[in-house]
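Structural overview for review
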Amino acid sequence: MFVHRHSDGKEQFDLAMSAVRGSSDLIALGKDSRGEDRFTSRQMIETEQRLGRVSELLAERERHQVEGNGREGALARAAERGLALSSEQRAAFEHMTDGRGLSVVVGYAGTGKSAMLGVAREAWESAGYTVRGAALSGIATDGLEHGSGIASRTIASLEHQWGQGHELLTSRDVLVIDEAGMVGTRQMERVLSHAADAGAKVVLVGDPQQLQAIEAGAAFRAIHERHGGVEISEVRRQHDGWQQEATRHLATGRTGLAIHAYEERGMLHVAETREAARGELIERWDRERQGSPGDTRIILTHTNDEVRELNDAARGKLRASGELGNDVAIRAERGDRQFASGDRIMFLRNERGLVVKNGTLGTVEQVAPQRMAVRTDDGRNVAFDTKDYAHIDHGYAATIHKAQGMTVDRAHVLATPGMDSHGAYVAMSRHRDGMALHYGRDDFADQSKLVRTLSRERGKDMASDYKPEQQFAERRGITFRERIVDIARQLPERAKSIFAGFRPQAHKLEALPPDQAGLSDQRRAVERYARAAADIGQMREQGLPVLPHQRDALEKAGKALDAVRPHGSADLASALQRQPSLAREAADGRSQGAIRAMQLEAEFRVDPAQRADRFVSDWQRLGQARQAMQRDGDTRGAQRLTYRMADMAKSLERDAQVESLLRGRTRELGIKTELGRDLGRDLAASITMERSRSIGMGL
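Now for a description of the structure that goes with this document.

A few words on the packing of helix H12 (residues 255–264) against helix H17 (residues 447–454). Where H12 contacts H17, the axes come no closer than 9 Å and their chain directions differ by 135°. Put simply, H12 runs oblique to H17. Considering the relative orientation of H12 and H17, their crossing is right-handed. Only Gln 447, Leu 450, Val 451 and Leu 454 of H17 make contact with H12, whose side of the interface consists of Thr 255, Gly 256, Ile 259 and Glu 263. The residue makeup of the contact of H12 with H17, split by class, is four nonpolar, three polar and one charged.

Pasting the structure below:
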């Protein structure tokens, strides 16, 4: 926690904790889906409420309509350039260019969001609007500007200008925020509030499953849940179909399937140690670099320390092959570095005068102790004095956080224990043609441990996710009975970790709008379970053995779901067994149907009469299907249904209430004679007798 990391010894820690305990602003929320205590401040709750109100205000406005001829003209000009929007991109284009003041687009990595935004820009401009772009990082603004033609700035830069009274938005502006999932709640609220005051339109584009906001909160995800949006899932960045499918797996949390796909094609590489894995990665990078010198490439990993090691090793390969000029010592912001002509370089701070961003890449053309000339990857020549701008480093490798929004031909990834599903998704989806994933057994004993680590869900949450009332379990038209309120109220009212022994002062907070309260924990737990179940289902469909890490993932997902909703895993498992397609839908983030089916199973679980009705209905349906198969000569299919009906009959041994109710419904179950006192055995005997008669008739 923050206090622990920033305390100098126990005494300072105790003083800081005492101040925290006594703070009137501390609010205990309860436990998250991982069972960890969550806290927030009064100020954060108020910020979330302001964000909710301003997003509602923007969404209700109808001031930025682009007429049909403007849309069609933009689409026609795109088609002339050879750009034909897919049906998903077309739906997003039409969603963004309607009159609403707030539009939300969720797009998987590499789905052509920037190209689609370029067509939307033309439509907006044809209607007389000024289109402005923004993103959290400099590299993301570069990607947005180059991919769509929208002049873009970092959000921090925009806010600075607004604070000086410059470049203020107007009612004729459309503000496009790319990689919106990386924007924290406070910053998102400030930007949307400024846009609302100015009467501007805001378009939020991002992917909540990629890198999470560095600051607190999950504003983009919350806005999407509240107001909806359009999703783009057709991956275009990767050229091979199987790699596109792997990216979709990463986008929907099925990291194990993606890793398995790359392993099958020889793109997963294991060494005994991380050091050895690093060496093998550099060797492969160097071979591919020399074999395809025209390709763009990047090496990615999790930490700056590892980036330094990889940069030094990669640079050593160029030095050994004579591709670098004479080394010149440069005192850079991160410490002394050696640069030479031919070196790859990365700029680490936005600088408008040089027109470079944090993350801009280039190649050194000339270097002296205090001056450097660089040709950036987008073809510009940049020269600067290193005493004025020293925020540079070698650019062969980068952290994964630097890479969101980047596209290259080939990527090389070194996996380390600090990664999670969000980092893995970004790292493994930057490439067009190929990706090599390396790891050492000293970090991950085997592939299953690699998969578990790279599958970790670390999504940010909101204070509103923990509203302990009925709205906690209601979202998107889902209605639950009163007992769900009781489940939600079982959330702990106070923390039990280092804060044990004190209760934060109670405050009466402004009530959240009814539709803002979320079921985020439950939704995430359901989707996590569904992903695990879908992974296992896919393996079985392909006739492959279920892997140990997949069983482990399902078990852990079930426990997490049960922590949020008692009996949830059993109810959801029953629902998915009856409707297997729901697993895929929920795994892809469309969990409404699965949650409804889970609730229905909960109702059956507590109501013997409904269970009896279902038993009769299923028995009759299976019996009719079995008879049809017998008539058609499908003995194998009929045998399968016989086994299922026998299992149903046996299940009555564990459900005395349903057996009692069914005793009065034997005619509906097709039992015409009294075969015994045990109803389950009577039913089993009845299908055995029917099967024997069928066989006899066949003879």
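This part is about the sheet that holds strand S7 (residues 201–206). The strand order across the open sheet formed by six strands is S5-S4-S6-S7-S3-S8, and the pairing between neighbours is parallel. The sheet is open, and its two edges are formed by strand S5 (152–154) and strand S8 (230–232), each paired on a single side. Adjacent strand axes in the sheet meet at a mean angle of 20° when their direction is disregarded. Set on the sheet, helix H5 (residues 87–96) makes contact with strand S3 (102–107), S7 and S8; between it and S8 the angle comes to about 150°. Where helix H8 (residues 155–163) meets the sheet, it contacts strand S4 (130–135), S5 and strand S6 (173–177), and its direction lies at approximately 90° from that of S5.

Let us now look at the packing of aromatic side chains. Following the criterion strictly, the structure yields seven aromatic pairs and no others. Ring plane angle 65° and centroid distance 5.7 Å describe the contact between Phe 347 and Phe 384, whose orientation is recorded as edge-to-face. On the criterion of sequence distance, the pair formed by Phe 347 in strand S13 (residues 344–347) and Phe 384 in strand S16 (residues 381–385) is long-range, its members being 37 residues apart. Given a relative accessible area of 4%, Phe 384 falls into the buried group. Judged by centre distance (5.7 Å) and plane angle (75°), the ring pair of Phe 384 and Tyr 389 falls under edge-to-face. As far as burial versus exposure is concerned, Phe 384 and Tyr 389 are alike and both buried. Site record: aromatic cluster; members linked through ring pairs are Phe 347, Phe 384 and Tyr 389. In this structure, Arg 265 is placed above the aromatic ring of Trp 242, and the distance from its NZ or CZ to the ring centre is 4.3 Å.

The next point concerns unusual backbone geometry. One non-glycine residue, Glu 179, lies in the positive phi region at around 50°. On the basis of relative accessibility, which here comes to 9%, the residue Glu 179 falls in the buried class. Non-glycine residue His 567 carries a positive phi angle of around 70°. The residue His 567 is located in the loop between helix H20 (548–564) and helix H21 (568–578) in this model.

The subject of this paragraph is the nonpolar core. Counting 40 residues, the largest nonpolar core has Leu 437, Leu 450 and Leu 454 as the members making the most contacts within it. Elements represented by at least two residues in this core include exactly helix H11 (241–251), H12, strand S10 (297–301), helix H15 (400–403), strand S19 (408–414), helix H16 (421–427), strand S20 (431–440) and H17. The two domains that each donate at least three residues to this core are domain 2 (45–232) and domain 3 (254–455). With near-sequence residues (within four places) excluded, Leu 454 lies in contact with Thr 255, Ile 259, Ala 415, Met 419, Asp 420, Ser 421, Ala 424, Leu 437 and Phe 444. One finds Val 106, Leu 192, Ala 218 and Ala 222 within the second-largest nonpolar core, a separate group that totals 29 residues.

What follows deals with H17. Inspection of H17 places Ser 448, Leu 450, Val 451, Thr 453 and Leu 454 among the buried residues, and these make up the whole buried set. Among the structural elements, H12, strand S9 (268–271), H16, S20 and H20 are those in contact with the buried residues of H17.

With respect to the helices and strands, His 95 occurs in helix H5. His 95 sits in the buried class, given a relative accessible area of 10%. Residues His 95 and Gly 229, spaced 134 residues apart in sequence, show a C-alpha to C-alpha distance of 7.9 Å. Sequence-distant contacts of His 95, that is, excluding residues within four places in its chain, are made with Arg 100, Ser 103, Val 104, Val 105, Gly 229 and Val 230.

In this section: the sheet that holds S10. One key point about sheets: their strands pair by backbone hydrogen bonds, in either a parallel or an antiparallel sense. One open sheet holds the five strands; their spatial order is S9-S20-S19-S10-S18, and the pairing between them is parallel. Where the open sheet ends on each side, the last strands, each with one partner, are S9 and strand S18 (397–399). Going from strand to strand, the sheet's axes swing by 25° on average, the running direction of each strand aside. Direction of pairing for S10 relative to S19: parallel, over a ladder of four bridges. The partner of Leu 300 across the bridge, within S19, is Val 413.

As a working rule, side chains carrying opposite charge can pair if their charged atoms are close by. Scanning the model with the defined rule gives 51 salt bridges in all. Residue Glu 46 is joined to Arg 42 by a salt bridge in which the shortest nitrogen-to-oxygen separation is 3.2 Å. Taken as a pair, Glu 46 and Arg 42 lie in helix H3 (residues 42–60) at a separation of four residues, close to a single helical turn. Connected through shared salt-bridge partners, Arg 132, Arg 153, Glu 167, Asp 173 and Arg 352 make up one network.

Reading guide: rules and limits
- Residues numbered from 1 in each chain as written.
- Predicted model: local features only at pLDDT ≥ 70, side-chain atom pairs only at ≥ 80, totals over all residues.
- Heavy atoms only, no water.
- Axes fitted to C-alpha atoms, helices over the stretch in contact; angles between N-to-C directions.
- Helix = DSSP H or I, 4+ residues; strand = E, 2+ residues; numbered from the N terminus.
- Parallel < 35°, antiparallel > 145°, perpendicular 65-115°, else oblique.
- Left-handed = near helix turned anticlockwise from the far one by under 90°.
- Contact = heavy atoms within 4.5 Å.
- Nonpolar A, V, L, I, M, F, W, Y, C, P; charged D, E, K, R; others polar.
- Pairing = 2+ DSSP bridges.
- Phe/Tyr/Trp six-rings, centres within 6.5 Å; stacked < 30°, edge-to-face > 60°.
- Buried < 20%, exposed > 50% of the residue type's maximum accessible area, 1.4 Å probe, protein only.
- Lys NZ or Arg CZ within 6 Å of the ring centre and 35° of its normal.
- Core = buried A, V, L, I, M, F, W, Y, C linked by side-chain atoms within 4.5 Å.
- Domains from an automatic or database assignment.
- Salt bridge = Lys/Arg side-chain N within 4 Å of Asp/Glu carboxyl O.

Coordinates in, geometry out; function isn't part of it.
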